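Each chain, written out:
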Amino acid sequence: MKKKLRDFIFQELVFVADPRQFSDDDNLLEAGLDSMGIMRLIMFIENEYGVTLPDTEIEPDNVQSFNALEQWILRHQK
Amino acid sequence: MTGINKEDILEKLNPADSFTLAMDEEIRQDGLAGSYGCYALELSKLPDILVLQQRIDEFSQRFPVALASLQQIGRHFYWCKRNEPPTLFFQHHCPDSENEADFQQRTIDRIINHRQARETTAPIEFHLLSSPTRHVFFTRWLHPFTDARGADLILKYLCTADVTQRRQFGLPETEPLVNAQLRKYRWWQKISLLLKGKRYIQTLDSLASIQPFNCDARPQRLNYSIRRLSEEQTERVVSLAREQVGLTGTSLYYIGCLMRALEKMHPDNPGAAYCAPYAFNLRKQRALTPMTGNHVCALFAQAPREIVQDRQKLFAHLKQQNAQVIRQQLDYAFLPLMWAGSWLSLAKYGKILRQSAGSEKERSSFWFSDVGRLDMPADSFPGAEIKAVFYACQVTSPPALAFLSSIYRNQLTLSYSFVEPIGNPEQIERLHQLTLAELLGEAE
């Protein structure tokens, strides 16, 4: 799951010089993931994983890293 | 081709460039200078002129379109080489006899209102305004040359001391992102998107847009007003924005606050809804490329008057509308529309872009752009510290009002651009006070 998220974010939304150096715990918001990018990311996740992510849960804690994103998605897949 | 050799062509305008060119024509038809964007850095002292001049020269050599002339060949427009390259860097010194603030205002006023034929104007100009205690580095560009993010990249380029790091700018060279995104769709998907975009516009057009000003007077000049919030105020605005519209729509908070301020100012102005176009950038965040060209697509925020009157309902509405637009891919639906529009004459395209279908009424209540949080290091400008930034942009009449926001060094700057005498500084002051109260959550 994280590979797909990484591919989408680094290909479409955020530029980092070397994505391999960007760990699953590094902060995506500090790396430049902005409001429009978050919206696109959520649409991507909902289409890709068949989940609905509630608006009320769109918080930094859930989107700030690849690990946080994965946990958020998994909670809604169960 | 008339009088232009094929080898003189540097670049063809992309569909997003053509979109801004149509607006340039509309603004020129109003009798104003044209579609220019302006980005100013307020500096702590006189910078290192020699280094600045060298970097500007280097920039224009790396990106020769900065020295080009905009020419029409057939139906399309191109950046073409010219025999005499234009001057890009100008210095303006405050005379001893003049007040510094007056000098700054007067000089910027002259730069943003300078009228020059599209073919002879420089795509971008850099102006250094200096006086004993005020120093401003003022960049003015013709909009088809680049967008606000591109201008930000160009300034970052000029502020990068390390030559190896400067070489990273503009790399990898890519085709215009608008074209790259369009290429992702098969022809039938493009048609489907185009129809979707047309239906979206028709829905927007079912509600007549409220205008901020009475536009009976003839436009004469662009004026601007800059208001900067304190760090505490900015923190409060950011926190309220997150509370009201969440992580996904900071810009919507500013748009909503401005809509409410306009409604309070002129509750009797005719129309059914406020409608604000805004662009989203196709560049990846933090990418150093592309430097030139426009790489944006348009979106609209629209809210009926009765919803604008209720703060909670308004933000819920704008947030839901934005989510809906992205969910249905209506944001990308403008790409094929922009491509199709680039084949029309500028006059026809301009009308389609501005006027609600079937009427001659302006679709936009105001122009809006949120540049977001700027990450340019304060100590990066050659020989001076960057204290603050501000923006201005030319706008059509109607709506004769553009609102630009940005956060630099933890301070939110609101830049109001308005066309005189349709709007005036007293009206903008009142609008700002109402907007500020909304932004700070202090409005009744």
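Criteria and cut-off values
- Residues numbered from 1 in each chain as written.
- Chains lettered and ligands numbered in written order.
- Predicted model: local features only at pLDDT ≥ 70, side-chain atom pairs only at ≥ 80, totals over all residues.
- Heavy atoms only, no water.
- Helix = DSSP H or I, 4+ residues; strand = E, 2+ residues; numbered from the N terminus.
- Rg over C-alpha atoms; globule rule 2.2 N^0.38 Å.
- Buried < 20%, exposed > 50% of the residue type's maximum accessible area, 1.4 Å probe, protein only.
- Areas by Shrake-Rupley, 256 points an atom, 1.4 Å probe, with all protein chains shown as cover.
- Lys, Arg positive; Asp, Glu negative; His and termini not counted.
- Charge placed at Lys NZ, Arg CZ, Asp CG, Glu CD.
- Phe/Tyr/Trp six-rings, centres within 6.5 Å; stacked < 30°, edge-to-face > 60°.
- Domains from an automatic or database assignment.
- Contact = heavy atoms within 4.5 Å.
- Salt bridge = Lys/Arg side-chain N within 4 Å of Asp/Glu carboxyl O.
- Polar contact = N/O pair within 3.5 Å; in protein donor to acceptor, adjacent residues only side chain to side chain.
- Nonpolar A, V, L, I, M, F, W, Y, C, P; charged D, E, K, R; others polar.
- Pairing = 2+ DSSP bridges.
- Axes fitted to C-alpha atoms, helices over the stretch in contact; angles between N-to-C directions.

Participant: Mind showing me how you'd approach the overall build of chain B here?
Facilitator: Of the regular secondary structure elements, chain B holds 14 helices and 14 strands. Relative to the 2.2 N^0.38 estimate, which gives 22 Å for 444 residues, the radius of gyration of chain B is 21 Å and therefore close to what a compact globule would have. For chain B, the C-alpha atoms occupy an extent of roughly 55 × 50 × 40 Å along the three principal directions. Counting across all 444 residues of chain B, residues that qualify as buried make up 57%.

Participant: Help me understand the overall build of chain A, please; the structure alone is not making it clear to me.
Facilitator: When you go through chain A residue by residue, the secondary structure sums to four helices and zero strands. When the elements of chain A are put in sequence order from the N terminus, they spell out α-α-α-α. For 78 residues, the compact-globule estimate of 2.2 N^0.38 gives 12 Å, and chain A sits close to it at 12 Å. Overall, the C-alpha framework of chain A stretches about 35 × 20 × 20 Å when taken along its three principal axes. Relative to its full complement of 78 residues, chain A shows a buried share of 49%. Surface exposure of chain A reaches about 4,000 Å², of which carbon and sulfur atoms provide 45%. If the 8 positive side-chain charges of chain A are averaged to one point and the 15 negative ones to another, these points end up 7 Å apart.

Participant: I tried to follow the packing of aromatic side chains on my own but got confused; where do I start?
Facilitator: Each aromatic ring pair is specified by the distance between its two centres and by the angle formed by the two planes. Residues and elements named next belong to chain B. This structure, assessed with the given rule, holds 23 aromatic pairs over all chains. Seen in terms of ring centroids, Phe59 and Phe63 are 5.5 Å apart; in terms of plane orientation they differ by 40°. Their pairing is tilted. Under the relative-accessibility criterion, Phe63 is labelled buried at 11%. For the ring pair Tyr224 and Phe390, a centre distance of 5.9 Å and an interplane angle of 10° mean the geometry is stacked. Taken as a pair, Tyr224 in strand 8 (residues 221-228) and Phe390 in strand 12 (residues 386-393) lie far apart in primary sequence, 166 residues in all. Phe390 carries the same exposure label as Tyr224, and that label is buried.

Participant: So what exactly am I meant to see when it comes to the domain arrangement of chain B here?
Facilitator: A common way to state how big an interface is: give the accessible area lost once the parts meet. All names here are of chain B. As assigned here, chain B comprises domain 1 (6-166) and domain 2 (181-370 + 397-439). Centre-to-centre separation of domain 1 and domain 2, based on C-alpha positions: 24 Å. With 40 residues of domain 1 in contact, the opposing surface of domain 2 contributes 35 residues. The tally of links from domain 1 across to domain 2 stands at five salt bridges. Note that Glu26 and Lys351 form a salt bridge whose closest N and O atoms lie 3.3 Å from each other. Where domain 1 touches domain 2, the interface holds 18 residue pairs in polar contact (both at pLDDT 80 or more). Elements that contribute at least two residues to the side of domain 1 that touches domain 2 include exactly helix 1 (15-29), strand 4 (76-80), helix 3 (100-112) and helix 4 (148-158). Split by residue class, the side of domain 1 that touches domain 2 holds 19 nonpolar, nine polar and twelve charged.

Participant: Mind showing me how you'd approach the sheet that holds strand 5 (residues 89-93) of chain B here?
Facilitator: Each strand in a sheet pairs with another by means of backbone hydrogen bonds, the pair being arranged parallel or else antiparallel. Residue and element names in this part refer to chain B. What the five strands build is an open sheet, ordered 5-6-7-2-12; its pairing is mixed. Pairing within the sheet leaves two strands with one partner each, and these edge strands are strand 5 and strand 12. Going across the sheet, the axis of each strand differs from the next one's by a mean of 20°, ignoring polarity. Pairing analysis gives eight bridges linking strand 2 (residues 36-43) to strand 7 (residues 135-142), with the strands arranged antiparallel.

Participant: For this particular structure, what's the right way to read the sheet that holds strand 1 (residues 9-12) of chain B?
Facilitator: Residues and elements named next belong to chain B. An order of 1-4-3 is seen for the three strands of this open sheet, with the pairing classed as antiparallel. Here the strands that pair on one side only, and so sit at the sheet edges, are strand 1 and strand 3 (69-73). Direction aside, the axes of adjacent strands within the sheet are offset by 40° on average. Both strand 3 and strand 4 contribute to a ladder of five bridges, which runs antiparallel. Note on strand 4: the bridge partner recorded for Gln72 is Phe77.

Participant: Quick question: what am I supposed to make of the pairing of strand 9 (residues 273-281) of chain B here?
Facilitator: The side chains of a regular strand alternate, first on one face of the sheet and then on the other. Residues and elements named next belong to chain B. With seven of nine residues buried, strand 9 lies mostly within the body of the structure. Sheet topology note: the strand 9/strand 10 (residues 296-304) ladder contains nine bridges and is antiparallel. Bridge pairing links Asn281 to Val296 in strand 10.

Participant: Teacher, can you tell me more about the pattern of salt bridges here?
Facilitator: Side chains bearing opposite charge may pair, as long as their charged atoms lie close to each other. Residues and elements named next belong to chain B. Throughout the structure, instances matching the rule amount to 33 salt bridges over all chains. In this structure, Lys156 engages Asp375 in a salt bridge whose closest nitrogen and oxygen atoms are separated by 2.7 Å. With Lys156 in helix 4 and Asp375 in the loop between strand 11 (367-373) and strand 12, this pair connects stretches of sequence that are 219 residues apart. Exposure remark for Lys156: the relative accessible area of 17% places this residue in the buried category. Classification of Asp375 as partly exposed rests on a relative accessible area of 39%. One salt bridge connects Glu438 with Lys264, and the closest N-O pair in it is separated by 2.8 Å. Placement of the pair is Glu438 in helix 14 (residues 425-439) and Lys264 in helix 9 (residues 250-265), with a sequence separation of 174 residues.

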